[in-house]
Amino acid sequence: MAVDVPGLVAQAREGRPRAVARLISLVEGASPQLREVMAELAPICGNAYVVGLTGSPGVGKSTSTSALVSAYRRAGKRVGILAVDPSSPFSGGALLGDRVRMGDHASDPGVYIRSMATRGHLGGLAWAAPQAIRVLDAAGCDVVLVETVGVGQSEVEIAAQADTSVVLLAPGMGDGIQAAKAGILEIGDVYVVNKADREGADATARELNHMLGLGEARAPGDWRPSVVKTVASRGEGIDEVVEALEKHRAWAEERGTLTERRRRRAAHEIETIAVTALRERMGELRGGRRLEELAERVLRGETDPYAASDELVAGLTRES
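In this text, all values refer to a predicted model and were calculated from it rather than measured experimentally. (Residues numbered from 1 in each chain as written. Predicted model: local features only at pLDDT ≥ 70, side-chain atom pairs only at ≥ 80, totals over all residues. Heavy atoms only, no water.)

**Looking at the pattern of salt bridges**
To keep it simple, the criterion reads: Criterion for a salt bridge: a side-chain nitrogen of Lys or Arg within 4 Å of a carboxyl oxygen of Asp or Glu. Runs of E in the DSSP output that reach at least two residues are strands. Runs of H or I that reach at least four are helices, and both are numbered from the N terminus. Burial here depends on accessible area, computed with a 1.4 Å probe over protein chains only, as a share of the maximum for the residue type. Under 20% is buried, over 50% is exposed, and the range in between is partly exposed.
Summed over all chains, the structure comprises 18 salt bridges. One salt bridge connects K229 with D202, and the closest N-O pair in it is separated by 2.4 Å. Of this pair, K229 sits in strand β7 (residues 226-229) while D202 sits in helix α8 (residues 201-213), and the two are 27 residues apart along the sequence. You can call K229 partly exposed: its relative accessible area is 39%. Residue classification places D202 among the partly exposed residues on the basis of a relative accessible area of 42%. As a salt-bridge pair, R300 and E302 come within 2.8 Å of each other at their nearest N and O atoms. Via salt bridges that share partners, D163, R262 and R265 belong to a single interconnected network.

**Topic: helix α3 (residues 34-41)**
Our working definition: Within this analysis, the arc is defined by the directions that extend from the helix axis to the C-beta atoms. Here, residues are in contact when the closest pair of their heavy atoms is within 4.5 Å.
Taken residue by residue, α3 has L34, V37, M38 and L41 as its buried positions. The buried residues of α3 occupy one face: seen down the axis, they fall within an arc of 95°. Seen from the open side of α3, the exposed residues pointing more than 90 degrees away from its buried face are R35 and A39. Looking at the buried side of α3, the elements it contacts are α1 (5-13), α2 (17-28) and α5 (129-138).

**Things to note about the pairing of strand β1 (residues 49-55)**
The following threshold applies: The criterion for strand pairing is that DSSP finds at least two bridges linking the strands in question.
Judged by how many residues are buried, β1 sits mostly within the fold: seven of seven residues are covered. Direction of pairing for β1 relative to strand β4 (residues 143-147): parallel, over a ladder of five bridges. Within β4, the position partnered with V50 by the bridge is V144. In this sheet, strand β5 (residues 164-169) lies alongside β1 in parallel orientation, the contact comprising five bridges. Its bridge partner lying in β5, V51 is registered against T164.

**Points about the environment of G188**
Following the sequence through the fold, G188 ends up in the loop between α7 (175-182) and β6 (190-193). Take G188: its relative accessible area is 7%, and that puts it in the buried class. As a C-alpha pair, G188 and R224 span 36 residues in sequence and 9.9 Å in three-dimensional space. Once residues lying within four places of it in the same chain are set aside, the contact partners of G188 are S165, V167 and P225.

**Observations concerning the packing of α1 against α3**
Under the convention used in this document: In this analysis an axis means a line fitted to C-alpha atoms, helices contributing only their contacting stretch, and an angle means the value between N-to-C directions, from 0 to 180 degrees. In this scheme, roughly parallel covers angles under 35 degrees and roughly antiparallel covers those over 145, while 65 to 115 is roughly perpendicular and the rest are oblique. Each crossing is labelled by how the near helix is turned from the far one, with a counterclockwise turn of less than a right angle marking it left-handed and a clockwise turn marking it right-handed. For this scheme, ten residues count as nonpolar: Ala, Val, Leu, Ile, Met, Phe, Trp, Tyr, Cys and Pro. Four count as charged, namely Asp, Glu, Lys and Arg, and the remainder, Gly too, count as polar.
Two elements in contact, α1 and α3, have axes whose closest approach is 10 Å; the angle formed by their N-to-C orientations is 45°. Here α3 runs oblique to α1, going by the angle between their axes. The element α1 and its partner α3 pack so that their crossing is right-handed. Across the interface between the two elements, V5, P6 and V9 of α1 pack against E36, V37, E40 and L41 of α3. Its residues placed into classes, the contact of α1 with α3 shows five nonpolar, no polar and two charged.

**Remarks on the nonpolar core**
Applicable threshold: Within this scheme, the nonpolar core is defined by two criteria: the residues are buried Ala, Val, Leu, Ile, Met, Phe, Trp, Tyr or Cys, and they are joined through side-chain atoms within 4.5 Å.
Of all hydrophobic cores here, the largest spans 34 residues; its most connected members are V20, L23, L41, L136 and V144. Within the residue set of this core, elements represented by two or more residues are α1, α2, α3, β2 (79-85), β3 (111-117), α5 and β4. Here the element with the most residues in this core is α2; it accounts for six residues. For V144, the contacting residues outside a window of four places in its chain are A48, Y49, V50, V51, G80, I133 and L136. Counting 27 residues, the second-largest nonpolar core is a separate cluster that includes Y49, V79, V143 and I238.

**Thoughts on the pairing of β5**
Of all six residues making up β5, six are buried, and the element is well covered by its neighbours. Of the two faces of β5, the one carrying T164, V166 and L168 and the one carrying S165, V167 and L169 are both buried. Sheet topology places β5 next to β6; four bridges connect them, and they run parallel. Bridging across to β6, V167 finds its partner in Y191.

**Examining the packing of α2 against α5**
Two numbers describe how α2 lies on α5: the axes approach to 9 Å, and their chain directions differ by 160°. As summarised for this structure, α2 and α5 are arranged roughly antiparallel, according to the angle between their axes. The hand of the α2/α5 crossing is right-handed. Contacts from V20, L23, I24 and V27 in α2 reach Q131, A132, V135 and L136 in α5. Each residue belonging to the contact of α2 with α5 can be placed in one class, and the counts come to seven nonpolar, one polar and no charged.

This is how it looks when you write it as structure tokens:
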């Protein structure tokens, strides 16, 4: 059924959760009206501060996210949460359902919580996450917290979507070494050692600071990632995390890196949409004969794969 997109957007701007939910559902379902939705949102986006939280399973991402929401709400800010879960192999929906663990905020009209399924997308984020962030931005959220799937080495994709990236670790899980292996030390702006009441928390924080100090040389004025210890289940250290986030935001705005990061984010989004459209066209070609004919010519030695791909791309361009 066709949807009154301008009407939905107007209701979302008033903070009506049902309208926000409908818009995100249109995004997730790749609705034929998605282009209209994005066109309506474009002039009113760009105000929300996007914070990405990532880390291995079990470090307390959802608990930390909930504690951060409480801190931002005390400051009078509207908060949107995108909790990106693994997909159920049966239904394709979100498997963990982070809303269960954020029940304290379920009835707060200043908080919008949405679980999204990755649906097989690698990198810890759902493919629709950038558009969903736009919806929450347009709906008046001052801060959008994006909690990603803890998926190891592909967690680094969060850096492309967030204004500030938070990496959570926990003592006793070997996370310091794993962070170095996965390249996570290159993407974090703030590092949080959660469950700091456990033995080994101080050692984990020291190890992190040491490894960050071994990184590439920083010029005067460059950002040096903060390392903060928290016990999120008791709210301890959360104010310090918010302070570190605000310091990074102020630094990024002053140095112009926030604008540059958002420009790269927009470029990545455009590229993803374009590549998706090309894949769809390729899928249509598989139902025809052009791709098979080119493959047969490669097998007969009449052409090579590079020349065949050039011919295929040229054909796609002419038809479009």
